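# Residue-level structural notes
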Amino acid sequence: MRKWLLGAVMFGICALVRADELGSDRFLLGDWAGLRTRLHERGVDFLLHYFSEPAYNLSGGDKRLLRYADQFTADATFDLDKLFSWPRAIFKITLTYRNGSSLSAEANLHTLMEVQEVYGRGDILRLTELSYEQVLLDGFLDVKLGRLGVGGSFDSWSCQFMNLSFCGTLPGNIVSTWYNWPVSQWGARLRLRFSEDLRFEAGIYQINPRNLEDGTTLSFSGGIGAMIPVELDWSPRFGSAQLPGTYGEPLVLNPGVPALMHDGESGVYLNAQQQLTGASANSRGLSVFFNWVEADHTTATITELLSLGMFYAGPFGARRQDTLGLAVGRTRVNPRVAEGQRLQNSTGASAPVPVQSAEYPVELFYNIQFTPWLSVSPLVQYVIHPGGTSGYPDVVVVGANIAVTF
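What counts, and at which threshold
Counting starts from 1 at the beginning of each chain's written sequence and moves along it residue by residue. The predicted nature of this model means local features are confined to residues of pLDDT at least 70 and side-chain atom pairs, given and counted, to a pLDDT of 80 or more, with totals for whole chains, interfaces and linings taken over all residues. Excluded from the side-chain calculations are hydrogens and water; all other atoms, namely the structure's heavy atoms, are used. Per the convention used, a helix needs a DSSP run of H or I reaching at least four residues, while a strand needs a run of E reaching at least two, with both numbered from the N terminus. Only protein chains enter the calculation, and the probe is 1.4 Å; a residue is then buried if its accessible area is under 20% of its type maximum, exposed if over 50%, and partly exposed in between. Note on definitions: a residue-residue contact is assigned when non-hydrogen atoms from the two residues lie within 4.5 Å. What sets the accessible areas is the Shrake-Rupley method with a 1.4 Å probe; for residues, cover comes only from the shown protein chains. Here a polar contact means two N or O atoms within 3.5 Å. Within protein one must be a hydrogen donor candidate and the other an acceptor candidate, and residues neighboring in sequence count only if both atoms are side-chain atoms. Values of pLDDT, ranging from 0 to 100, describe the predictor's confidence in every residue of the model. A helix is expected to span 1.5 Å for every residue after the first. In summary, the pairing rule links any two rings of Phe, Tyr or Trp, Trp by its six-membered ring, whose centres are within 6.5 Å, and it sorts them by plane angle into stacked for under 30 degrees, edge-to-face for over 60 and tilted for everything else. Only lysine NZ and arginine CZ atoms are considered, and such an atom sits over a ring when it is within 6 Å of the ring centre and within 35 degrees of the ring normal. The patches reported here contain residues having more than 30% relative accessible area and no salt bridge. Joining distances are 9 Å for like charges and 5 Å for nonpolar side chains (Val, Leu, Ile, Met, Phe, Trp, Tyr). We define a salt bridge as a side-chain nitrogen of Lys or Arg found within 4 Å of a carboxyl oxygen belonging to Asp or Glu. Throughout, nonpolar core names a set of buried Ala, Val, Leu, Ile, Met, Phe, Trp, Tyr and Cys residues whose side chains join them through atoms within 4.5 Å.

In this section: the overall build of the protein chain. Each helix and strand in the protein chain was counted, giving six helices and 18 strands. Scored against the burial criterion, the 406 residues of the protein chain give a buried share of 45%. Relative to all contacts within the protein chain whose residues are 6 or more apart in sequence, the contacts with residues 24 or more apart total 60%. Just so you have it, the protein chain exposes about 19,200 Å², and 63% of that area is on carbon and sulfur atoms.

Okay, the side chain of Glu133 next. Residue placement: Glu133 occurs in strand 4 (residues 125-136). Within polar-contact distance, the side chain of Glu133 engages the side chain of Arg189 at 3.4 Å. For Glu133, the contacting residues outside a window of four places in its chain are Arg88, Ala89, Ile90, Asp142, Val143, Lys144 and Arg189.

This part takes up the environment of Pro386. Inspection of the secondary structure puts Pro386 in the loop between strand 17 (374-384) and strand 18 (395-405). Between the C-alpha atoms of Pro386 and His110, which are 276 residues apart in sequence, the distance is 5.6 Å. Residues contacting Pro386, with those up to four places away along its chain left out, are Leu109, His110, Thr111, Glu359, Tyr392, Pro393, Asp394 and Val395.

Averaged over all residues, the pLDDT of the protein chain is 85; the fraction at 70 or higher stands at 87%. Long-range and interchain partners of residues 1-23, a stretch whose pLDDT sits below 50, account for 24 contacts in this model, where long-range means more than four residues apart. Per-residue pLDDT stays below 50 along residues 252-263; that stretch engages in 36 contacts with residues further than four places along the chain or on separate chains.

What follows deals with helix 6 (residues 335-347). With 13 residues, helix 6 extends 19 Å between its outermost C-alpha atoms, agreeing within 8% with the 18 Å of an ideal straight helix rising 1.5 Å per residue. Sitting at the amino-terminal end of helix 6 is Asn334, which places a side-chain oxygen 3.0 Å from the backbone nitrogen of Arg336. Of the residues trailing helix 6, Gly348 is marked for its positive phi of about 70 degrees.

This part covers the packing of aromatic side chains. Given two aromatic rings, their pairing is described by the distance between the two centres and the angle made by the two planes. Under the criterion given, the structure shown has 14 aromatic pairs. Between Tyr50 and Phe72, the aromatic rings sit 4.7 Å apart at their centres with planes inclined by 45 degrees, giving tilted as the arrangement. Separated by 22 residues along the polypeptide, Tyr50 in strand 1 (residues 44-59) and Phe72 in strand 2 (residues 66-79) bring together distant segments of the chain. Residue Phe72 is classed as buried on the basis of its relative accessible area, which comes to 12%. Pairing Phe161 with Phe311 gives two aromatic rings, centres 5.6 Å apart and planes at 35 degrees, and the pair type is tilted. One end of the pair, Phe161, is in the loop between strand 5 (141-148) and strand 6 (185-193); the other, Phe311, is in strand 14 (residues 302-313), and 150 residues separate them in sequence. Note on accessibility: Phe161 and Phe311 belong to one class, buried. By the ring-pair criterion, three or more aromatic residues cluster together here, those being Phe161, Phe166, Phe289, Phe311 and Phe365. Here the guanidinium or amino end of Arg36 rests over the ring plane of Phe27, the centre of that ring lying 3.7 Å away.

Here we come to unusual backbone geometry. Residue Trp181 is joined to Pro182 through a cis peptide bond whose omega torsion reads 10 degrees. In the Ramachandran plot, Trp32 falls in the positive-phi region, its phi being about 50 degrees despite a non-glycine side chain. Assignment of secondary structure puts Trp32 in the loop between helix 1 (2-21) and helix 2 (35-42). Phi is positive for His385, which is not a glycine, with a value near 55 degrees. Topologically, His385 is positioned in the loop between strand 17 and strand 18. The class of His385 is partly exposed, set by a relative accessible area of 31%.

It is worth spelling out the environment of Gln381 at this point. Take Gln381: it is sitting in strand 17. It is 10.0 Å that separates the C-alpha atoms of Gln381 and Leu326, two residues lying 55 residues apart in sequence. Beyond its immediate stretch of four places on either side in the chain, Gln381 contacts Val115, Met162, Asn163, Val362, Glu363, Val395, Val396 and Val397. At a separation of 2.9 Å, a polar atom in the side chain of Gln381 contacts the main-chain carbonyl oxygen of Val115. In terms of polar contacts, Gln381 uses its side chain to reach the side chain of Asn163, at 2.8 Å.

Moving on to a nonpolar patch on the surface. Taken together, the side chains of Leu136, Leu137, Phe140, Phe194, Leu198, Leu232 and Trp234 define a hydrophobic patch exposed on the protein surface, amounting to about 670 Å² of accessible area. Mapped onto the secondary structure, Trp234 falls in strand 8 (residues 225-234). Trp234 gets classed as partly exposed once you look at its relative accessible area, which sits at 47%.

With that settled, the discussion passes to the nonpolar core. One finds Ile174 and Trp178 to be the most contacted residues of the largest nonpolar core, which totals 20 residues. Of all the elements in the fold, those that place two or more residues in this core are strand 7 (198-207) and strand 14. Counting residues in hydrophobic clusters, the runner-up holds 18 residues, among them Ala55, Leu109, Val115 and Phe365.

Moving on, we get to the side chain of Glu201. Relative to the elements of secondary structure, Glu201 occurs in strand 7. Relative accessible area serves as the criterion here: at 0%, Glu201 is assigned to the buried category. A polar contact is formed between the side chain of Glu201 and the side chain of Arg191, at a distance of 3.3 Å. Contacts of Glu201, omitting those with residues within four sequence positions, involve Ser153, Phe154, Arg189, Leu190, Arg191, Pro229, Val230, Glu231 and Asp233.

Considering all chains together, one arrives at 14 salt bridges under this definition. The partner of Lys144 in a salt bridge is Glu129, with the nearest N and O atoms 3.0 Å apart. On the criterion of sequence distance, the pair formed by Lys144 in strand 5 and Glu129 in strand 4 is long-range, its members being 15 residues apart. Using a relative accessible area of 11% as the deciding quantity, one classes Glu129 as buried. The salt bridge partner of Glu201 is Arg199, with a shortest N-O separation of 3.3 Å. Here the residues in one salt-bridge network are Glu133, Asp142, Arg189, Arg191, Arg199, Glu201 and Asp233, joined through shared partners.

Next up, the structure:
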């Protein structure tokens, strides 16, 4: 893998001049001598993306280690209107391949959440999306079906932070039957757009543990139930500058979990993001966010994720494309787990175990947008009470998010 990664880096360096010659700054490999533009005009778009997260623990854990995790994503989107005069229809296929190692595991950091969010779900090729989307009734109704990721439509949240507490579709980080990117499952999503500011979404997704093991299976067999998420999104405009905000309040139901575990589970999540300063939407300025997830106390080991923070776009006049980010959070272990640990310790039958409560992660990053196709985000994480207990030393991790669009 190290030889492959080195080869990809060397190929990227050699391609820099070629990209400039092709007259395109959106992609490292440029416009393919105009081919990319011609394909786009005919309804076909290709994207190859590389993302890496090297990280080193300055403190915490059993030893000091430098580890990296990364992901290659290949994406093809077909506009069926341009291709076949099929109005407002899109077909999409996405493949992903993850590699690398977990600093949390190999340094034994004891954290409840991975300090490298891109790690996980195996070093295998995965079919992350194979979907058909159709917009009807003049945009009021939007239907999508196929092999989907739940986070593509529900609790969609940015992944600019490295700690998993602040990244991606947060319910999937603590709800065992909610499979996050890059895992896909058979499903369908319906969206109703009542206005520019208000929309309603509902979906149904097969819960199938086979999807965790086989990254490219298309089989329906092996399902153990269905997930039915429901979400209401409100996107008001704030102040005279009409600065954008997004507020979502959904309910997630997962009937059909095996009877030996439980006959169903439920949970709620709420996320909000609001731009506070700036001349207009997408301008330089401060945005704040709040995320909260509450999982079923009868089935989940971790029952709450809570985080809040800020993004500052264009913090310096000379660096208008950069972003500064700060997040603080709480990851809480199910109180029933803690009670069981206290009972176990009271028996004296074995060595005492730490009684878990909550861990408190903090992360600060500065995203440097070197070019439209290359960004690097140096960052630092500080995790207080890793594992939800004071029995382990606090963790300090330094690292970077590196993103390249080919």
